[in-house]
Amino acid sequence: MAEVPPPAAASSASPPSIPLPIASASIDHAGTAAKAHPPASHSTPGTASTLANASNSSWVRPRNRVYPDLANYSSSSKSGGAADTKGACNDQESRQASSTDSSLPFTPFFFAILADTQLGAIDNNTSWEEEKVLCRMAVQKLNNLTPRPQFAIVCGDLVHHFPRMYPHTDPAIRDRQVADFKAIFSEVHPSIPLLCVCGNHDVGNAPTPSSLRTFQEDFGDDYFGFWVGGMKGLVINSNLYSDPSQAQDEYDKHHRWLHCELVAARALRAKHILLFGHHPLFLHRDDEEDEEGYLGSSSFRTKAGEVMTIPNTYFHIPRARREKILEAMHQFGCSHYFCGHWHQNGVSQSARYQVENVITSAVGLQIGDDKSGFRLVKVFEIGHPQVVNMWNRTMSYMLPHLRSGWAVDQAILNEENKVVVIRFGHDENETCMQMDEILYKISEDVRNFAAIYLVDTTEVPDFNVMYELYDECTCMFFFRNKHIMIDLGTGNNNKINFLISDKQEMIDIIETVYRGARKGRGLVVSPKDYSTRYRY
C-alpha cells in the first residue's frame, strides 16, 4: 500500500469481478494459523534476502539479479543479468539451454506467499507492535508447516515508513522498522529461502536511483530471477512500472532484463514461469482504465477513527505499462503473477493474455474484511499452479483439485494401478477442511497405492445427483473405472459421508479398498465398524 491519497467517491460503474476458478481456503490466527512469512533464502534483485541466524542481523543480499541459493539454472550473467546495457540479450541463455536436461523428473512442490507486512501502518509509524505480533505468528506458522515450503516470498511493503512520504517525521523510524523486520524474519527456518519484493513503501511511489540503492543495501537487488526445480521465478520491481518518471533509465533496463529472462527461461524449457511483484497488474480486468473513479474505491478506518478512502485505480499498474508485461508473459507462456499492495485478497484472469493475477492480502493492515494470512501455492508438472489461501485453516487443499466433470472422469479412467480416492464436498465447509487435513497428512503414506483428489461440488456439480452427494463431505473410491463400495456398518455402502479424524483409520480403509479391488471385489468390509458412532 502506498501513501494514502486524497479521498475519492466510489464509482457506481465498477466492473464486475471475474469468478475465481481457484480453490481457496483460509486460516486465522485464532485457529492456529498465523500469517505466513517467508524464510531464509533469496534470489537476486528485487528482494532476495537470506535470513541469517537470529543472533546475526546481517542478511544475504542477492546480487547480479540472481538469488544465490536458488540459482541452479540461472540465466543471469555475473556481469549484471541477462540484459546488457544496449538492451540486447546475451548468449548465456543459449549456452545454458544446450546443457540443461529438461527430461529430469519434476517433483511437485509448494511455496508460501506473504504481502504487506508493513511495520508501522496500523499506528501510522508511532508504533508497530501489532505488526510485530502478526509477523511472529506468521513465522511460527511457516516454520510449523510439514513438509516445509521450497521458499517463501514477501510481496512488498516490508515496512511502512518511507521518509519522502512522511517528511515531518524522524527518518530513523524506517531504520528501526527494517531492523525489527529482519530480527523477526531471521527466525524463519534456515531450510526455507526468504525472498523479499520491494513495494512502494520500500522504494517510493516514484522510485529514484537513490531510493533503489537504499533498498538494495538493506535487502539486495530490487528485481531478480531464481529457479526451483523446473520452475523459473522472476521478481519484478513493479514500482518502476507503476511510475518510472524519476528513474526512466532503470525502468528501461528492467524491462529489457525481463524480456531476456523470459527468452532464457523458454530456451531452458522451464516447466513453469511465474512472476512476482508488489502492484497488481489489474484488479478485475486486463483492460481496466486508469481514471480515478473507474474502479470505485476501498476504505478503512484508522485506529484514530478516521475513515480513509483510496481510489482502486491507485493500486493497479497503469494500462500502458501493464500491457507490456502481459504481452511478454503471454508470448513466453508465463501463466501467473503474484502480488500484494491492495491489502485485500483477489484473483482475476485475463483470457486474452492467458494470465492469472493473484493478489494476496496483508500480514499487517487490512482494507476490507480479510484477515491477516498467507497463501500456499502448489506447483505440479502439468497444469496451472494451485493457489490455496491459508486464512482460517490448517493444511487443507494441498492435494490436487479436479475442476470439471471431464477432469473427474479422466482421473478415474486413467489410473490403472492405484485406487482413486475423491473427496466431494464444499471447500469452505468445516468438515471438508478437517477431512482434507487428514487426506493431506496421509497422502505420502498411501502414495504407492492411492491417488487422492478433491472436488468442490459447487464448482463441479456434475455428479451430485448420480452419486447422491447431499452430505457436507463425502469420500468415494474407484479402481480401474469401477466404483468400489465399502461396508462401514452405517447402512450406506456407497461412500464415507462422515469425518474420519484418525489418520491410521483412513490409511487402513484405503488399503482395505485397494486390496479388495485388486482381487476383483466391488464391495469390501471396513476394518473398523462405525455403526455405534455414525448412522446413515
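Computed from a predicted structure; not experimentally measured.

(A) The arrangement of the overall build of the chain in detail. Helix and strand counts for the chain come out as eleven helices and 20 strands. A buried classification covers 60% of the 536 residues belonging to the chain. Put simply, 74% of the contacts in the chain that link residues at least 6 apart link residues at least 24 apart. Accessible surface for the chain amounts to roughly 20,900 Å². Of this, 49% is attributable to carbon and sulfur atoms.

(B) Region of interest: the sheet that holds strand β20 (residues 523-525). As summarised here, the arrangement of the five strands in space is β17-β16-β18-β19-β20, forming an open sheet in which the pairing is mixed. In this open sheet, the two edge strands, each paired with only one partner strand, are β17 (450-456) and β20. Shown here is a sheet whose adjacent strand axes are inclined to one another by a mean of 30°, direction ignored. Pairing between strand β16 (residues 419-425) and strand β18 (residues 473-479): six bridges, direction antiparallel. The residue bridging Arg-423 from the neighbouring strand is Cys-475, located in β18. Contacting β16, β17 and β18, helix α9 (residues 405-414) crosses the sheet at an angle of about 155° to β16. Where helix α10 (residues 430-442) meets the sheet, its contacts fall on β16, β17 and β18, and the angle it forms with β16 comes to roughly 160°.

(C) Region of interest: helix α7 (residues 248-267). Relative to the 28 Å expected for 20 residues at 1.5 Å per residue, α7 spans 29 Å between its end C-alpha atoms, a close match to the ideal helical length. Within two residues after α7, Arg-269 carries a phi angle of roughly 55°, on the positive side.

(D) A look at the environment of Cys-135. Mapped onto the elements of the fold, Cys-135 is located in helix α2 (residues 129-144). Distance in space between the C-alpha atoms of Cys-135 and Gly-373 is 9.8 Å, their sequence separation being 238 residues.

(E) Local environment of the packing of α2 against helix α3 (residues 172-185). Look at α2 against α3: their axes get within 9 Å of each other, and the N-to-C directions meet at 25°. Accordingly, the angle class assigned to the pair α2 and α3 is roughly parallel. Seen along the crossing, α2 lies across α3 with a hand that is right-handed. Where α2 approaches α3, its residues Lys-132, Cys-135, Arg-136 and Val-139 are matched on the opposing element by Asp-180, Ile-184 and Phe-185. Of the residues that constitute the contact of α2 with α3, the class distribution is four nonpolar, no polar and three charged.

(F) Representation of the packing of aromatic side chains in the model. Summed over all chains, the structure comprises 21 aromatic pairs. Ring centres of Phe-224 and Phe-226 lie 6.4 Å apart, and the angle between their planes is 40°; this geometry places the pair in the tilted category. With respect to burial, Phe-224 and Phe-226 carry one shared label: buried. Where Phe-463 meets Tyr-467, the ring centres are 5.8 Å apart and the plane angle is 15°; that geometry is what we call stacked. In this pair, the class of Phe-463 matches that of Tyr-467, namely buried. Counting every residue linked through ring pairs, the aromatic cluster contains Phe-111, Phe-151, Phe-224, Phe-226, Phe-276 and Phe-338.

(G) The nonpolar core, seen in detail. By size, the foremost hydrophobic cluster in this structure holds 108 residues, and its most contacted members are Phe-477 and Met-506. Sorting elements by how many residues they give to this core places helix α11 (residues 503-518) first, with seven residues. Counting residues in hydrophobic clusters, the runner-up holds 24 residues, among them Ala-115, Leu-195, Met-231 and Leu-274.

(H) Just the side chain of Ser-238, in detail. You can see Ser-238 is positioned in helix α6 (residues 238-242). If sequence neighbours within four positions are ignored, Ser-238 has contacts with Gly-277, His-278, His-279, Ile-317 and Tyr-337.

Parameters and conventions
- Residues numbered from 1 in each chain as written.
- Predicted model: local features only at pLDDT ≥ 70, side-chain atom pairs only at ≥ 80, totals over all residues.
- Heavy atoms only, no water.
- Helix = DSSP H or I, 4+ residues; strand = E, 2+ residues; numbered from the N terminus.
- Buried < 20%, exposed > 50% of the residue type's maximum accessible area, 1.4 Å probe, protein only.
- Contact = heavy atoms within 4.5 Å.
- Areas by Shrake-Rupley, 256 points an atom, 1.4 Å probe, with all protein chains shown as cover.
- Pairing = 2+ DSSP bridges.
- Axes fitted to C-alpha atoms, helices over the stretch in contact; angles between N-to-C directions.
- Expected span 1.5 Å × (residues − 1).
- Parallel < 35°, antiparallel > 145°, perpendicular 65-115°, else oblique.
- Left-handed = near helix turned anticlockwise from the far one by under 90°.
- Nonpolar A, V, L, I, M, F, W, Y, C, P; charged D, E, K, R; others polar.
- Phe/Tyr/Trp six-rings, centres within 6.5 Å; stacked < 30°, edge-to-face > 60°.
- Core = buried A, V, L, I, M, F, W, Y, C linked by side-chain atoms within 4.5 Å.

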